[in-house]
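# Architecture and fold: a report
This is what each chain is made of:
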Amino acid sequence: MALLVRCCRSVSALQLSGTSFRVVPAAASVLIHRQNIHNAVLPRGKGGRSSVSGVVATVFGATGFLGRYVVNRLGRMGSQVIIPHRCDQYDVMYLRPMGDLGQLIFLDWDARDKESIQRALAHSNVVINLVGREWETSNYRFEDVFVNIPREIARAASEAGVEKLIHISHLNADIKSVCKSLRSKAVGESVVREEFPNAVILKPSEMFGREDRLLNHFANQRWFAGGVPLIAFGKKTVKQPVYVVDVAKAVVNAIKDPESAGKTYALAGPNRYLLYDLVEYIYAVTHRNYFPYPLPRPLYHLAARFFELNPFHPWTTRDKVDCLHLTDKKLPELPALEDLGIVPTSLEQKAIEVLRRHRRFRWLDADLEDAKPAKTVNF
């Protein structure tokens, strides 16, 4: 109350002295200017989760495999993260410790509601699209997930004046691909670029990490008919997996880099492996017997069709079978992880983090050196 009286006295004194017409309008303009800029976009602090980086990011698909790592990287640098989600609130509880108090904002989201998308990114200066799915459902086909939803997000971001849009695609996305999901992702890249020309498109290869569906998938295949089925023994397929943390770092570095606007990045690991040798290394790390056997593609599709009948989470699908047996492209004309200041992490460095839980008890603490590194190829 005393402060209010003092302010009133100072204003009245200025009016009596004849200088009010110069000072008061200036003060009002400063107040208006401060009201137009939200505190969340004003960087402050020494860095870390309790600071403010100036980045307000809306992350679509944050509840997925890559999403948790991206949210963690944004939270640890002091960013405010808006997380639209369609799941139960208890399914996103693990994301809450990744940011400081009040820095993570959870919103219910309807992917087919344009107003819901606009509301989610209305106050953001960065939008990240990580929406993806490995199988189709009756509600969401691949065209919906990889084409229609990205189009609406890019359009809403453009209309809202968002500074940077980051879209995640795939290294093998191609309109002529045998995989329906990769064909849809290729179309999704074009529609995002059409709606938001300065969008940053990241094309990672198959990602590995603790919760992945690559190393864990093949490690669990020992229960599939007593061995590991591979098309042509896996000797006609070359894979170049990338570490999921490297991809999350690439997302954050692309936000920071002003020269990344409008570019497309090909993100792949440092080594290329024959699929046969890659799976052999997985079983060497887990100290399990490796029994590969060739399975023709039609029979593999027939077995995958049986798993697709699962209405919840199919273990594999025909599209996934094709994607896992597709050779990763080499795209030297596109910038890579090194152009974003990231040194790619090899599979051998992090495989034990993923595969230790697949070991028997007697081998649980065995050294990684006991497993012979996988053979690498250059083609």
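The coordinates are above.
Residues numbered from 1 in each chain as written. Predicted model: local features only at pLDDT ≥ 70, side-chain atom pairs only at ≥ 80, totals over all residues. Heavy atoms only, no water.

### Details of the overall build of the protein
Put simply, the rule is: Under the scheme used here, helices are H or I runs from DSSP no shorter than 4 residues and strands are E runs no shorter than 2 residues, and both carry numbers assigned from the N terminus. Each residue gets one of three labels from its accessible area relative to the maximum for its type: buried under 20%, exposed over 50%, partly exposed in between, using a 1.4 Å probe on protein chains only. Only heavy atoms matter for contacts: two residues are in contact if any of them lie within 4.5 Å across the pair. Where accessible areas are quoted, they stem from the Shrake-Rupley method and a 1.4 Å probe; at the residue level, only the protein chains shown are allowed to cover.
For the protein, the helix and strand inventory stands at twelve helices and 13 strands. Per-residue burial for the protein yields a buried fraction of 50% across its 379 residues. Contacts in the protein between residues far apart in sequence, at least 24 positions, make up 77% of those at least 6 positions apart. When the accessible surface of the protein is summed, it comes to about 19,600 Å², and 54% of that surface belongs to carbon and sulfur atoms.

### With respect to the pairing of strand β2 (residues 80–85)
As a reminder of what qualifies: Strands qualify as paired when DSSP identifies two bridges or more between them.
The buried fraction of β2 amounts to six of the six residues, a majority that puts the element mostly inside the structure. The alternating pattern of β2 places Q80, I82 and P84 and V81, I83 and H85 on opposite faces, both of which are buried. As paired elements, strand β1 (residues 56–60) and β2 share three bridges and run parallel to each other. Paired with T58 across the strands is I82, a residue of β2. The pairing of β2 with strand β3 (residues 104–108) spans five bridges and is classified as parallel. Directly across from V81, in β3, lies its bridge partner L104.

### What to know about the nonpolar core
What counts here: Throughout, nonpolar core names a set of buried Ala, Val, Leu, Ile, Met, Phe, Trp, Tyr and Cys residues whose side chains join them through atoms within 4.5 Å.
Counting 67 residues, the largest nonpolar core has L66, L74, I128, I166 and F218 as its most contacted members. Residue contributions to this core peak at nine residues, all from helix α8 (residues 244–256). Once residues lying within four places of it in the same chain are set aside, the contact partners of I128 are T58, V59, F60, V70, L74, I166, V251 and I255. In terms of nonpolar packing, the next biggest core, distinct from the first, is built from 24 residues, A111, L121, V191 and V192 among them.

### A short note on helix α5 (residues 142–160)
Filter applied, for reference: Given a helix with a known number of residues, its expected span is that number minus one, times 1.5 Å. One axis fitted to the seven residues ending at a residue, another fitted to the seven starting there: the angle between these axes is the bend at that residue.
When the terminal C-alpha atoms of α5 are compared, their 26 Å separation across 19 residues agrees well with the 27 Å that a helix rising 1.5 Å per residue should span. The largest bend in α5 amounts to roughly 25 degrees and is located at N148, with the proline P150 lying one to four residues further along. Within α5, the full set of buried residues consists of F142, D144, V145, F146, V147, I149, P150, E152, I153, A154, A156 and A157. Close packing links the buried residues of α5 with β1, α4 (114–121), β4 (126–129), β5 (164–168), α6 (180–195) and α11 (318–324).

### Notes on the sheet that holds β5
Which entries qualify depends on this criterion: Axes, fitted as lines to C-alpha atoms, cover a helix only where it is in contact. Angles between the N-to-C directions of the axes lie from 0 to 180 degrees.
Taken in spatial order, the seven strands of this open sheet run β3-β2-β1-β4-β5-β6-β11, and their pairing is parallel. Looking at which strands have only one partner, the edges of the open sheet turn out to be β3 and β11 (264–267). Each neighbouring strand pair of the sheet contributes to a mean axis angle of 20 degrees, computed without reference to strand direction. Contacts between α4 and the sheet are confined to β1, β2, β3 and β4, with β1 contributing the most and set at about 145 degrees to the helix. Those strands touched by α6 are β5, β6 (200–204) and β11, and its axis lies near 175 degrees from that of β5.

### Some points on the layout of surface pockets
Empty space among the atoms becomes apparent when a probe as large as a water molecule is rolled across them. What counts is decided by this rule: Of the grid points, spaced at 1 Å and generated over the protein atoms alone, those admitting a 1.4 Å probe that cannot get out make up cavities, while open sets with protein on both sides within 12 Å along at least five of seven lines make up pockets; any residue with an atom within 4 Å of a point is treated as lining. Grid points are joined across faces, edges and corners, and a volume is the space filled by probe spheres set on the points. For this classification, Asp, Glu, Lys and Arg are treated as charged, while Ala, Val, Leu, Ile, Met, Phe, Trp, Tyr, Cys and Pro are nonpolar and the rest, including Gly, are polar.
Here the largest pocket defines a volume of roughly 1,300 Å³. Taken together, 43 residues line the largest pocket, and the ones lying closest to its centre are L130, G132, R133, E134 and R213. Mapped by element, the contributors of at least two residues to the lining of the largest pocket are α3 (65–76), β2, α5, α6 and α11. For the lining of the largest pocket, a count of residues per class yields 22 nonpolar, ten polar and eleven charged.

### Focus on the packing of aromatic side chains
To keep it simple, the criterion reads: Each Phe, Tyr or Trp ring, with Trp reduced to its six-membered ring, pairs with another whose centre is within 6.5 Å; inter-plane angles below 30 degrees give stacked pairs, above 60 give edge-to-face pairs, and intermediate values give tilted ones.
Taken as a whole and assessed by the stated rule, the structure comprises nine aromatic pairs. Between the aromatic rings of F60 and W109, the centroid separation amounts to 5.1 Å while the plane-to-plane angle is 55 degrees, which identifies the pairing as tilted. A residue pair is termed long-range when its members are at least 10 positions apart, and F60 in strand β1 and W109 in the loop between β3 and α4 qualify at 49 residues. Judged by relative accessible area, W109 falls into the buried class, the value being 11%. Members of the aromatic cluster, joined through ring pairs, are F233, Y276, Y283 and Y290.

### Structural notes on empty space enclosed by the protein
Applying the stated criterion across every chain yields a total of one cavity of 30 Å³ or more. Surrounding the largest cavity, N129, V131, F146, P150, H167, I168, S169 and K185 form its lining. Looking at the lining of the largest cavity, the elements that each hand over two or more residues are α5 and β5. Looking at the lining of the largest cavity, its residues break down into four nonpolar, three polar and one charged.

### A word on the pattern of salt bridges
Pairing of side chains with opposite charge becomes possible as their charged atoms draw close. Our working definition: What counts as a salt bridge is simple: a side-chain nitrogen of Lys or Arg found within 4 Å of a carboxyl oxygen of Asp or Glu.
Applying the stated criterion across every chain, the model contains 15 salt bridges. Ionic pairing is found between E353 and R210, a salt bridge with its closest N-O pair at 3.9 Å. Of this pair, E353 sits in helix α12 (residues 347–355) while R210 is found in the loop between β7 (207–208) and α7 (215–220), placing the two residues 143 residues apart along the sequence. Residue classification places E353 among the partly exposed positions, given a relative accessible area of 30%. Bridged by salt links that share partners, the residues E136, R141 and K180 form one connected network.

### Some thoughts on the pairing of β4
Every regular strand shows the same layout, with side chains that alternate between the two sheet faces. The condition is simple: A clockwise path from the first strand over the helix to the second, with the strands pointing away from the viewer, defines a right-handed crossover.
What you see with β4 is no split at all: V126 and I128 on one side and V127 and N129 on the other are buried throughout. With four bridges joining them, β1 and β4 adopt parallel strand pairing. Residue pairing for β4: T58 is matched across the bridge by V127. Between β4 and its parallel partner β5, the chain crosses via α5, and the hand of that crossover is right-handed.

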